[in-house]
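Structural characterization, general
Here is how the chains run, residue by residue.
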Amino acid sequence: MSRVFLIGFMGAGKSGVGRALAAELGLSFVDLDSEVEKTEGLSVAQIFERDGEQGFRRAERAALAAVSASADAVVACGGGVVLDERNRALMRSSGVVLMLDVSAEEALTRVGSSRTRPLLQDADGSGVRDMLQERMDLYRATAHHIVATVGRSVLDVTREACSVITSSEIGDIDVSAGAGYTVFIGASLMDETNVFPGMLASRSRVAIVTDSNVGRLHAVCIERSLREAGVDSFTCTLEPGETSKNWLRAGTLLEEFALAGLDRQGAVLALGGGVVGDLAGFCAAVYMRGVPVVQVPTTLLAQVDSSIGGKTGVDLAAGKNLAGAFWQPAAVLSDVTLLNTLPDAEWHNGMAEAVKTALLAGPEAVAQLTADAVDLAARDEAAVLRCVRMCAGFKARVVSADERESGMRECLNLGHTLGHAIEKVAGYGTVGHGVAVAEGLRFAAFLSARLLGAPSELQQRVNTLLDVCGVPRYLVTGSVADLAAAMSLDKKARGGVVRFVLLRDVGDWVVVSVEPDVARKSLADWLDRS
Ligand SMILES: NC(=O)c1ccc[n+]([C@@H]2O[C@H](COP(=O)([O-])OP(=O)(O)OC[C@H]3O[C@@H](n4cnc5c(N)ncnc54)[C@H](O)[C@@H]3O)[C@@H](O)[C@H]2O)c1
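What comes next is a walk through the structure.

Calculation rules
Residues numbered from 1 in each chain as written. Predicted model: local features only at pLDDT ≥ 70, side-chain atom pairs only at ≥ 80, totals over all residues. Heavy atoms only, no water. Core = buried A, V, L, I, M, F, W, Y, C linked by side-chain atoms within 4.5 Å. Buried < 20%, exposed > 50% of the residue type's maximum accessible area, 1.4 Å probe, protein only. Helix = DSSP H or I, 4+ residues; strand = E, 2+ residues; numbered from the N terminus. Pairing = 2+ DSSP bridges. Axes fitted to C-alpha atoms, helices over the stretch in contact; angles between N-to-C directions. Contact = heavy atoms within 4.5 Å. Expected span 1.5 Å × (residues − 1). Salt bridge = Lys/Arg side-chain N within 4 Å of Asp/Glu carboxyl O. Near = heavy atom within 4 Å. Polar contact = N/O pair within 3.5 Å; in protein donor to acceptor, adjacent residues only side chain to side chain. Nonpolar A, V, L, I, M, F, W, Y, C, P; charged D, E, K, R; others polar. Phe/Tyr/Trp six-rings, centres within 6.5 Å; stacked < 30°, edge-to-face > 60°. Parallel < 35°, antiparallel > 145°, perpendicular 65-115°, else oblique. Left-handed = near helix turned anticlockwise from the far one by under 90°.

1. Notes on the nonpolar core
Counting 80 residues, the largest nonpolar core has Met351, Leu359, Leu369, Leu418 and Phe500 as its most contacted members. With 12 residues, the single largest contributor to this core is helix α15 (residues 381-401).

Laid out in structure tokens, this is it:
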């Protein structure tokens, strides 16, 4: 969290609470009306007189854009800032938005008939009530959090605001890997002109890499955002799906970069799911011995997992992801609004990875995902933001601690040993990756109980969580022998001994080497029971 916007009706206490909150958080305080007055050289009342409300709103929008692009601060906004849709999106994407809630009666008592508030001049009590009613829905829809103020002191409200903000789930996530970078998470980020990090604005050209499904739906808004930010770009489009993630396509993509004149001052922007992210990231790693890549993930899987951590690569005939490079992105922009167009099957793939992450992250993450499950199934924006942020935060911590997968990063393979075997035996593309991983998670919980004595309710919790999150069951078709053989050929296997990430309990994982016959027998028993 870096910026806090206080919104609410006039008289809600935004200035008083804002000053106290800024002092408490060690941030500077900005009063948006004062910023407008400074720029225009007139008081708010005088601007209204000269330019009308429309003129004031224009100046207010410009002041908000300037504040949102500059230093961290607590910003007290005027009561009407939410009337403009662009302001609402900008505040939500560039900071934490806190609504100070006040009733019309209390607001009237607090502001009286102030002559400095132009919209109050003609308003009797009923006018204020109508205005409050009209704006209330907008305040609520814009706020990340709401704090009640009626009957409470400034100190009391500030304390609550402070605790809400410091435990806030909204804001950016920093990753300490490579040169270090930020994962920006928000809604409608792509509608902002200043959404792209400064580094892109300084680049000579940007190659947008996407696939035809995503390109059709979302490339135009990215191209427009770049254009408005003064960045020259061209777009390279892949066929959708895993089959594009190959050596040949990497080669032709590199040729497209060269033909379009991308030079060392250029950059790559990966707009798509994990396939686009892995391939574009790999090409960025090798083009001119490395140009920056910005990841703009468009699948849930890519937002909760693959866009963070710098693993890039292509598949070889011998197996998935066998050639590649670690190439950390310059930034990740996760705009959950892009997920609205994602097909259900892809949504479920991402949810399985989110369940995996919660099981690794601990009981609080599992509780959050469980509480949000119904809203997540309906793709409720606030729930999706919480989910993406929880998963991205966990992945960022893991990658920051173990950039090259020499230790902790191995935990991310939970559920993947059997998951990969199911995909291989069924034939790649026949079963969704996430659906296969979900079965792998169920088996890992079974094996954890058998080999580590994990609590028996762990299996129940894993099954329930996957079910409430709507991940469909997959009737495993392959024979035990084929699945066990595929597991022993897994990249992580050593001399036929299969390595599983298992759980002693939620949040307490361990890597266990399992002899092939034990793995086979356990798999047979689990398949019999499920
Ligand atoms: N690098 C890593 O750390 C890492 C981690 C996990 C997985 N991966 C890789 O990720 C890949 C899988 O990624 P994926 O599941 O995102 O698949 P994907 O990239 O193939 O996307 C799935 C499908 O969804 C479509 N799509 C994407 N975004 C959309 C949107 N917003 N609206 C409509 N359609 C959309 C795509 O066109 C595609 O058809 C695999 O290759 C896997 O190896 C990499």
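There is more to say after this.
2. A closer look at the sheet that holds strand β5 (residues 145-148)
The parallel open sheet is built from 5 strands, whose spatial order is β2-β3-β1-β4-β5. Bordering the open sheet on either side are β2 (28-31) and β5, each of which pairs with just one other strand. Pairs of neighbouring strands in the sheet enclose a mean axial angle of 25 degrees, with direction left out of account. Where strand β4 (residues 96-101) lies against β5, 4 bridges are found, and the strand directions are parallel. Within the sheet, the bridge partner assigned to Leu98 lies in β5 and is His145. Set on the sheet, helix α2 (residues 32-40) makes contact with β2 and β3 (73-76); between it and β2 the angle comes to about 65 degrees.

3. What about helix α13 (residues 344-361)?
With 18 residues, α13 extends 25 Å between its outermost C-alpha atoms, agreeing within 8% with the 26 Å of an ideal straight helix rising 1.5 Å per residue. Here α13 lies mainly inside the structure; 13 of its 18 residues are buried. Among the residues trailing α13, Gly362 stands out with phi positive, at a value near 130 degrees.

4. A few points about the pattern of salt bridges
Evaluated as defined, the whole model comprises 29 salt bridges. When the shortest N-O distance is used, the salt bridge between Asp51 and Arg50 registers 2.7 Å. Because the salt bridges share partners, they merge into one network encompassing Glu242, Lys245, Asp278 and Asp315.

5. Considering the sheet that holds strand β14 (residues 331-335)
Taken in spatial order, the 7 strands of this open sheet run β6-β7-β14-β11-β10-β8-β9, and their pairing is mixed. If you trace the sheet from one side to the other, it starts and ends with β6 (173-175) and β9 (233-238), each paired once. Each adjacent strand pair in this sheet contributes to an overall mean axis angle of 20 degrees, direction not counted. Strand direction decides the pairing type here: strand β10 (residues 267-272) and strand β11 (residues 293-297), joined by 5 bridges, are parallel. Looking at the pairing, Leu269 lines up with Val294 of β11.

6. Description of the site of the ligand
Inspection of the region around the ligand gives 26 residues, with Asp211, Glu242, Thr298, Thr299 and Thr341 positioned closest. For the ligand, a nitrogen atom lies 3.0 Å from a polar atom in the side chain of Asp278. Secondary structure elements with two or more residues in the shell around the ligand: α9 (212-228), α11 (274-286), α12 (300-306) and β13 (319-326). Tallying contributions element by element places α9 first for the shell around the ligand, with 4 residues. Across the shell around the ligand, the residue classes break down as 8 nonpolar, 9 polar and 9 charged.

7. Description of the environment of Leu385
Inspection of the secondary structure puts Leu385 in helix α15. Residue Leu385 is classed as buried on the basis of its relative accessible area of 6%. As for Leu385 and Gly186, which are separated by 199 residues in sequence, their C-alpha atoms are 6.8 Å apart. Other than its neighbours up to four places away in sequence, Leu385 contacts Arg92, Ile185, Gly186, Ala187 and Val336.

8. A few points about the packing of aromatic side chains
Centre distance and the angle of the planes are the two values used to describe a pair of aromatic rings. Scanning the entire structure with this criterion turns up 6 aromatic pairs. On the numbers, 6.0 Å between centres and 40 degrees between planes, the contact of Trp247 with Phe282 is tilted. One end of the pair, Trp247, is in helix α10 (residues 247-259); the other, Phe282, is in helix α11, with 35 residues separating them in the sequence. Judged by centre distance (5.9 Å) and plane angle (70 degrees), the rings of Phe443 and Phe500 are edge-to-face. Residue Phe443 is found in helix α17 (residues 433-452), and its partner Phe500 is found in strand β15 (residues 498-505); the two are separated by 57 residues along the sequence. With a relative accessible area of 0%, Phe443 lands in the buried category.

9. Looking at the packing of helix α19 (residues 480-488) against helix α20 (residues 516-529)
Orientation of α19 relative to α20, taken along the N-to-C sense of each, is 135 degrees, at an axis distance of 10 Å. As far as their axial angle goes, α20 and α19 are oblique. Judged by the twist between their axes, the crossing of α19 over α20 is right-handed. Taking contact as the criterion, the partners of Val480, Leu483, Ala484 and Met487 in α19 are, on α20, Ala519, Arg520, Leu523, Ala524 and Leu527. Looking at the contact of α19 with α20 residue by residue, the class counts come to 8 nonpolar, no polar and 1 charged.

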